Amino acid sequence: MRQKCPLCGQETNMAVSGTFACDSCGRMLREIRVDTDMLLTAAGPMHPNEEKAIELVRRSQGEGKPEKRRKLILEAIDLCHDCLEAHRALLYLGWLGDKQHKKLDLHNIKSYLLHVFHEPEAESEDMRRQMIEELVNGPELNTCLALAPDRELFIREYLMHLCRQYITVFLKGDSSIAGRFMGLQLGSIQPRVARWVVVMMDNADKADLPDPFRRMLPECLRDAFVMDIGGAAYLDDARREQ
């Protein structure tokens, strides 16, 4: 399996376990799991207590309850405030498990920020502004960007995470979009999801997003669809049908 090195941006082979050298730049890397993503990070030198903090983050991924997951992540940050993996895990968790956001609300899910590009008319004008502001300038995102060795690479990984989750959960997982009835799939799912991904790409293009978000978000929506749903030809067909 190959992934992009977070230090040089080139693809490298990944080791089965432990640390390994990037094929391109030769710097040492290690693999971590954050939510459902397998990511690469610089292997060292580590900050004080960073190894213990990363272990807490790993433990948090096995927790089913958001409250317990958040508690472990916050413990990791207390142990090592400069641990990028802990702050990334908190960023991806969104507001789930936060005591001030106990109300059941889809807006507590981080990837639901992309709903503003899916069905903007379903959100109030004030909520649309809040969602875009959190997407591109949230405090936890800014903390991660301050710690990340490559700002643009981190933003791309962040947007890919959101896009993959949104497409899988809120497009493919929506029976009215995917074309399911009483558990039965009616026709091909790829063209149905592709239509909405194209809508999201177009709305992202029109939105007043700062760079590199304006450039990267449509690209990540396209890449996430290709990675998890079907080939780019479905998106091309959907655009021709508009």
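Values in this document were obtained by computation on a predicted structure and should not be read as measured data.

*Asks:* Account for unusual backbone geometry, with residues named and values stated.
*Replies:* The linkage connecting Asp 211 with the following residue, Pro 212, adopts the cis geometry, with an omega of 5°. Its place among the elements puts Pro 212 in the loop between α9 (189–206) and α10 (213–228).

*Asks:* So what's going on with the nonpolar core? Residues and values would help.
*Replies:* Ranked by internal contacts, the top residues of the largest apolar core, which has 48 residues, are Phe 117, Leu 135, Tyr 158 and Leu 217. Examining the composition of this core, we find that 11 residues originate from one element, helix α7 (residues 151–171), more than from any other. When neighbours within four sequence positions are excluded, Leu 217 is seen to be in contact with Leu 114, Phe 117, Leu 135, Leu 159, Cys 163, Ala 204 and Leu 209. Membership of the second largest hydrophobic core comes to 16 residues, among which are Ala 53, Ala 76, Cys 80 and Ala 89.

*Asks:* Now, about the pattern of salt bridges: what can you tell me, with residues and values included?
*Replies:* Scanning the entire structure with this criterion turns up 15 salt bridges. Between Lys 71 and Glu 75 there is a salt bridge, with the nearest N and O atoms lying 2.7 Å from each other. Here Lys 71 and its partner Glu 75 are both found in helix α2 (residues 66–79), four residues apart, which amounts to about one turn of the helix. Residue class for Glu 75 comes out partly exposed when judged on its relative accessible area of 30%. A salt bridge links Asp 126 to Arg 129, with the nearest nitrogen and oxygen atoms 3.5 Å apart. With Asp 126 and Arg 129 both in helix α5 (residues 125–137) and three residues apart, this pair spans about one turn of that helix. Given a relative accessible area of 40%, Asp 126 falls into the partly exposed group. What you see here is one network of salt bridges that share partners, running through Glu 125, Asp 126 and Arg 129.

*Asks:* Can you tell me about α10, naming the residues and giving the values?
*Replies:* With 16 residues, α10 should reach 22 Å at 1.5 Å per residue; the first-to-last C-alpha distance of 21 Å fits that figure. Along α10, the residues that are buried comprise Phe 213, Met 216, Leu 217, Pro 218, Cys 220, Leu 221, Ala 224 and Phe 225. Check the buried side of α10 and you find it contacts α4 (115–118), α5, α6 (139–147), α7, α9 and α11 (232–240).

Reading the values: the criteria
- Residues numbered from 1 in each chain as written.
- Predicted model: local features only at pLDDT ≥ 70, side-chain atom pairs only at ≥ 80, totals over all residues.
- Heavy atoms only, no water.
- Helix = DSSP H or I, 4+ residues; strand = E, 2+ residues; numbered from the N terminus.
- Core = buried A, V, L, I, M, F, W, Y, C linked by side-chain atoms within 4.5 Å.
- Buried < 20%, exposed > 50% of the residue type's maximum accessible area, 1.4 Å probe, protein only.
- Contact = heavy atoms within 4.5 Å.
- Salt bridge = Lys/Arg side-chain N within 4 Å of Asp/Glu carboxyl O.
- Expected span 1.5 Å × (residues − 1).

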